[in-house]
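Inside the fold
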Amino acid sequence: MQRNREKMEREKKLRVCVATCNRADYSKLAPIMFGIKSHPEEFELEVVVLGSHLIDDYGNTFRMIEQDNFDIGSKLHTIVRGEDEAAMVESVGLALVKLPDVLQRLQPDILVVHGDRFDALALATAAALMNIRILHLEGGEVSGTIDDSIRHAISKLAHYHACCTRMAEQHLIAMCEDHSRILLAGCPSYDKLLSSHHREDYMDIIRSWLGDKVQNNDYIVALQHPVTTDIQHSIKIYGLMLDALLSFNKRTLILFPNIDAGSKEMVRVMRKKGIEQHPNFRAVKHIPFEQFIQLVCHAGCMIGNSSCGVREAGAFGTPVINLGTRQTGRETGENVLHVRDADTHNKIYHALELQFGKRYPGSKIYGDGHAVPRILKFLRTIDLDEPLQKTFCFPPVKDSISQDIDHILETQSALSVDLGGTNLRVAIICMKGSIVKKYSEHNPTTFEDRMHLILQMCKTAIQDAVCLNCRILGVGIGGGIIHHYELIHGSTFCAAELGHVIVSLEGPECSCGSRGCIEAYASGLALQREAKRLNDEDLLKVEGMDVKLSEPITAAHLISAARMGNSKADAVLRKASSALGVGIVNILHIVNPSLVILSGVLASYYKEPVQHIISQRALASAQTIKVVTSDLEEPALLGAASMVLDYATRRTY
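Per an unreviewed UniProt entry, the chain goes by the name Glucosamine (UDP-N-acetyl)-2-epimerase/N-acetylmannosamine kinase and belongs to Nothobranchius furzeri.

So, in structure tokens, the structure goes:
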């Protein structure tokens, strides 16, 4: 019974396997491992170590994992030595041979994989083929070399994603990953980095690596790795960097490159130049992350092509010189000076002169120090009963050859509603933008009657849609803002309530309950109200203007009176034009569009006055924006339909 009880308790916990391949990924995974370990009632942690962790030439860094009191469940020797392209491929193959036994024995609920190394690709491939869920850290980022391809390949294999930046999140969405399975967490290393880099004993750490004479901000940290897609050029840059550092004549801590193809040749270059014996240099294979933080934080400069330079160093404001293309595309702070075409010693030396000893504002592009709590919360939400097969959120494909029977038999359509001042209009509009059927009724005077009529008109249209073989995907009401050729919906699908931009605190009452909205001045209903007021005061008619007693007064009468010289009507329209123009200027200053499109029966009248107000009142950056009128048959109805059709079809997989 005791054994059964223990087994049931284990089954309730989420079995998380964290696999670490090298010193760099452990700095990101360790905070998560500590977080998982601190909640033994919820999680069961298994640790797998492989890759360069187990190689003496790279510091046997598995020992630091043991020093952190983690039980290593499996150690897999997966590196085939050679440090060339073939050795990398053979290492992936060797890992794929060894991993199945380990994963079958551990039977994790989820495997946590970091980054973009070839070892991580082997891990993700093995787990995916063995139907083990994968959480990928730092997906969606962009950099140079083969790492980009590997990173994106792992993202496609992974079921869940914990990314570091908003841009990385958008990249994953663009890669058709399910938004609900993407967590914007920040970089886990920042949790330790931001909380521990203000240590009082930092000078003791610095002097333990660089000697007693070294001073704060008066040394350089150098870390350069091979670029596997252009090995010979990266070796050349490495030699030029060493020459520049020798000439610059500052105390320098240089770390050995990683195990990628080309690293052996880079080490040969370093030894040929006598770096290990030079009094200004200290060459090391590995530094514990906590100490490395202090060394980077207080350095006068960091140079090379390590991601640490564009990520962690930015948090401290440490000046960085990024050499070559390995980090091309990475988001960086202002502390990074790029020397992408690092083809001469003088160019690198000049960069050292510009950067050494500066301090920059700290940057939190990659994290705010709270990544681990977010990731643990995310892990708790994983439902193991959900289907294992991941789905991709592809955009809609136009004119697909293979179709569902519903798409063949029915026309995907939207129901559009135009709440006009005079009339209420409803239309069935198909995917091609054609109006299938349109309905129009005179606008009742009370709110309750309007709502009743709108609902009745929509019910009638929906009933007719069945007979017309149209499938209604939704109902659209509202204005619109187009950004990057896409309609902005907003968090509650109510974005672009442009008619309710307030242009005066003491303006007329609006139908929304507020005062001074554009709609209260410039809508058809507002102008109709002013026309009726002038007519009641016998101030609307002018000579030559014919208004029948039975004819309802509308905004058209106001425009006609103004054109025939009625100063009162003209003043109302000028005030309405000014309100609309000022409101549009406010919108221009917020979203800076390339074009303003006016639609409706009053559009042609408002075009010139609004253009004039923009030229007079807008900032210089917006004064040249053109105002045009829509030449569509029913722009209001079509615009409302586009909100539904755009949203509904992009989520139809």
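Next comes the rest of the description.
The next subject is the UniProt feature "binding site: Zn(2+)" (unreviewed entry) in the chain. What UniProt calls "binding site: Zn(2+)" (unreviewed entry) maps, in this numbering, to H500, C510, C512 and C517. For the residues just named, distributed over 18 residues, the greatest C-alpha separation is only 8.8 Å, placing them together at one site. Locating H500 in the fold gives a position in the loop between β19 (486-487) and α19 (518-522). A residue is classified by how much of its surface remains accessible, and H500, at 28% relative accessible area, is partly exposed. Non-local contacts of H500, meaning those with residues more than four positions away in its chain, are made with C510, C512, C517 and E519. Tracing the backbone shows C517 in the loop between β19 and α19. When sequence neighbours within four positions are dropped, the list of residues in contact with C517 reads G499, H500, V501, I502, C510 and C512.

Across its 13 residues, helix α20 (residues 524-536) extends 18 Å between first and last C-alpha, which sits within 8% of the 18 Å expected from 1.5 Å per residue. Residues A526, L527, Q528, A531 and L534 constitute the buried set of α20. The distance from a side-chain oxygen at the start of α20 to the backbone nitrogen of A526 is 3.1 Å, and the residue carrying that oxygen is S523. In the segment just after α20, D538 is the residue with positive phi, at about 60 degrees.

Evaluated as defined, the whole model comprises 6 aromatic pairs. Aromatic side chains F248 and F356 sit 5.5 Å apart centroid to centroid with 70 degrees between the ring planes, which places their arrangement in the edge-to-face category. Of this pair, F248 sits in helix α10 (residues 231-248) while F356 sits in the loop between α15 (345-355) and α16 (371-380); the two residues are 108 residues apart in sequence, bridging distant segments of the chain. For F356, a relative accessible area of 17% gives the class buried. Between F392 and F394 the ring centres are 5.8 Å apart and the planes differ by 45 degrees, which places this aromatic pair in the tilted class. Exposure remark for F392: the relative accessible area of 24% places this residue in the partly exposed category. For F394, a relative accessible area of 47% puts it in the partly exposed group. Linked through ring pairs, F248, Y349 and F356 together constitute an aromatic cluster. The positively charged end of K37 is found above the aromatic ring belonging to F70, 5.1 Å away from the centroid.

Cut-off values and rules
- All residue numbers here refer to positions counted from 1 along the written sequence of the relevant chain.
- Where totals are concerned, whole chains, interfaces and linings use all residues; where local detail is concerned, this predicted model gives features only for residues with pLDDT of at least 70, and gives and counts side-chain atom pairs only at 80 or more.
- Excluding hydrogens and water, the side-chain figures rest on all heavy atoms present in the structure.
- UniProt positions are given in the numbering used here, feature names are shortened, and annotations may be inferred rather than shown by experiment.
- Under the DSSP-based scheme used, a helix requires at least four consecutive residues in state H or I and a strand at least two consecutive residues in state E, with every element numbered from the N terminus.
- A 1.4 Å probe rolled over the protein chains alone gives each residue an accessible area, and that area as a share of the maximum for its type sets the label: buried under 20%, exposed over 50%, partly exposed in between.
- Contacts: residue pairs with any heavy atoms within 4.5 Å of one another.
- Between the first and last residue of a helix there are one fewer steps than residues, each counted as 1.5 Å, and that sum is the expected span.
- Here a polar contact means two N or O atoms within 3.5 Å. Within protein one must be a hydrogen donor candidate and the other an acceptor candidate, and residues neighboring in sequence count only if both atoms are side-chain atoms.
- Pairing of aromatic side chains here covers Phe, Tyr and the six-membered ring of Trp, requires ring centres within 6.5 Å, and sorts the geometry by plane angle: under 30 degrees stacked, over 60 edge-to-face, intermediate tilted.
- We call a charge positioned above a ring when the Lys NZ or Arg CZ atom is no farther than 6 Å from the ring centre and deviates by at most 35 degrees from the ring normal.

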